[in-house]
Amino acid sequence: MTTTLQDAPPRRLSLPVATLIGLLALAAALGVGHLVAGFVGYTASPFIAVANYVIDHSPTGIVKWAERTLGTWDKPVLKIGLAVVLVLLALLAGQLSRRTPRAGQILVFVLGAAGVAAVYARSDLGQVSLLAPVAALVAGLTVFTLLHRMALPPEEVHDRGFDRRKFLQASVGVAAGSGVAAVVGQFAGTSTNAEDSRAAVGALVPARTAPPLPADADFAKLGSPPFITPNPDFYRIDTALVVPQIRTEDWSLRVHGMVDREVSFSYADIRDRPLVERRVTLTCVSNEVGGPLISNATWLGVDLVDLLDEAGVQAGAEQMFATSVDGWTCGTPANVALDPQRGAMLAIGMNGEPLPVEHGFPARIVIPGLYGYVSATKWVESLEFTKWDARQAYWLSRGWAEQAPIKTESRIDTPSGFARVSAGKVRLAGTAWAQHTGIAKVEVRLDQGAWQPATLSAEVSKDTWRMWWIELDVPKGTHQASVRATDQDGYTQTENRADPVPDGATGWHSVTLDAS
Ligand SMILES: Nc1nc2c(c(=O)[nH]1)N[C@H]1C(S)=C(S)[C@@H](COP(=O)(O)O)O[C@H]1N2
Ligand SMILES: [Mo]
């Protein structure tokens, strides 16, 4: 007796088998990609590369929104989101292939190609790093095809049927192999950890220490932040999904472009110079009125202008275009970098320690008075002097301004928003900043009442924030307290609210007081 095609049982993968094949192909691709990346460059791991690509190519508004609302959770949230998307695509690849593998293979190929493209797009990864996403693509496609073939053998070998036991053995093998590959890759990729190099730096001794801090540098007891932000509390903003790990012996800084002679400095060159200590308050341009993206540290390093003088920056250079080892770039007006009065630094120490890895170890730039995105390059490796139209820095090409001096601003830290207070005398405390100009006056008012001068902390430097406090008479009911600062150029903060884009937020910070 013969059977016709119509009589044959429907040749179709079951839902669980299709799902398993999609997921295992994804696991194999990520595991093998991570394994190879462990040896050719950790950030070439397809998952990391694609996540980095998303950061670099998301609309600016979304990235800055994530920085503000998610803070340091922005990166974990991105990774989880990407993992969810990948799992959904893997499930889809399985489902599309319940009759023939073709559609799933195409999807796996497209995903793999996206990984290759993401690595190719990075300026900081060499050709050899392409091996990682290519290996991932091959592994994903191979596992998908072989498992599919086992679960749904082609017509000519149909009578052999689906060997469930063999299929499950192969699946367990792929899952275990992917896991081992990922772990080995992780181990190999992170074994060159900068922490031991940082620990080996030892004590960095300033030749010129910053003057001792006066007792009234802050009003922390009254609710202002401490004058010096401890390193673990210092705000952190960067596009690096994986914090660059650079050992001091592998680091150097090259000064080139429109200079008389190209010069290069090793870590030893820098630390053997007389080191100066300087207190500078960093601020992020994305900081909203009242926001937390501002911190203050005692930096230790060398005067940038001394290094630049050795290179001999040529007249006509407009910007100092700095590049970080992870490919992030930053453009600073050349005249600011070169101004001996400005105090721009190449910093290697922060609050009595070598720079923390996430704040730029081994070395970063710190320039008083400019928002971080136009000045504060972490993990800096190159300073190129050039024209504005020759090079466009990372955030410039995403719609942020070329010139970005820090705007005079102030913030109420205590009480925090929507506080319940008892009617009568209420004490408020906070911060004000106008880096490189200095704060002259801070005033506070209740509702539409008269502005009242707050007590200021001692001025430690014009390049640092200043704390303030005041006592207000607050009657029963709901009120709004607002603050405004005036700087030493006589400029008083405008009430007009401006968004952080393109060159920093403006407006008065207020808090609602619920007095009973
Ligand atoms: N390499 C690198 N450096 C960088 C950035 C970055 O994304 N990558 N972000 C800049 C921005 S926007 C700011 S505000 C400061 C923040 O420095 P911090 O993380 O030490 O506070 O670093 C600057 N330097
Ligand atoms: Mo920033």
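Residues numbered from 1 in each chain as written. Chains lettered and ligands numbered in written order. Predicted model: local features only at pLDDT ≥ 70, side-chain atom pairs only at ≥ 80, totals over all residues. Heavy atoms only, no water.

Caption draft 1: Summary view of the overall build of the chain. Helices and strands together make up the secondary structure of the chain, namely eleven helices and 19 strands. Across its three principal directions, the C-alpha atoms of the chain cover 105 × 65 × 40 Å. When burial is assessed residue by residue, the chain has 52% of its 516 residues classed as buried. Across the chain, every contact between residues at least 6 apart in sequence was considered, and the portion connecting residues at least 24 apart equals 75%. Total accessible area computed for the chain in this model is approximately 23200 Å², and 58% of it derives from carbon and sulfur atoms. The averaged location of the 50 negative side-chain charges in the chain is 7 Å from the averaged location of its 44 positive side-chain charges. (Helix = DSSP H or I, 4+ residues; strand = E, 2+ residues; numbered from the N terminus. Buried < 20%, exposed > 50% of the residue type's maximum accessible area, 1.4 Å probe, protein only. Contact = heavy atoms within 4.5 Å. Areas by Shrake-Rupley, 256 points an atom, 1.4 Å probe, with all protein chains shown as cover. Lys, Arg positive; Asp, Glu negative; His and termini not counted. Charge placed at Lys NZ, Arg CZ, Asp CG, Glu CD.)

Caption draft 2: Geometry of the sheet that holds strand 11 (residues 409-414). Pairing is antiparallel in the open sheet, where four strands are placed in the order 11-13-17-16. Of all strands in the sheet, those bounded by a partner on one side alone are strand 11 and strand 16 (455-456). Bridge analysis of strand 13 (residues 424-433) against strand 17 (residues 466-474) gives nine bridges, and the strand direction is antiparallel. When the bridges of strand 17 are listed, A432 appears paired with R466. (Pairing = 2+ DSSP bridges.)

Caption draft 3: Region of the structure containing helix 7 (residues 164-190). Taking 1.5 Å per residue, 27 residues should reach 39 Å; helix 7 reaches 39 Å between its end C-alpha atoms and fits that length. Of all the residues in helix 7, the buried ones are F167, S171, V174, S178, A181, G185, A188 and G189. Structurally, helix 7 contributes buried residues whose contacts are with helix 1 (15-40) and helix 6 (131-151). (Expected span 1.5 Å × (residues − 1).)

Caption draft 4: Structural view of the site of ligand 1. In the vicinity of ligand 1, 18 residues are found, and the nearest of them are Y235, T239, H359, R364 and K378. For ligand 1, an oxygen atom lies 2.9 Å from a polar atom in the backbone of T239. About the coverage of ligand 1: the protein hides 100% of its 540 Å² of free accessible area. For the shell around ligand 1, the residue count by class is eight nonpolar, five polar and five charged. (Near = heavy atom within 4 Å. Polar contact = N/O pair within 3.5 Å; in protein donor to acceptor, adjacent residues only side chain to side chain. Nonpolar A, V, L, I, M, F, W, Y, C, P; charged D, E, K, R; others polar.)

Function cannot be inferred from these measures alone, as they are strictly geometric.
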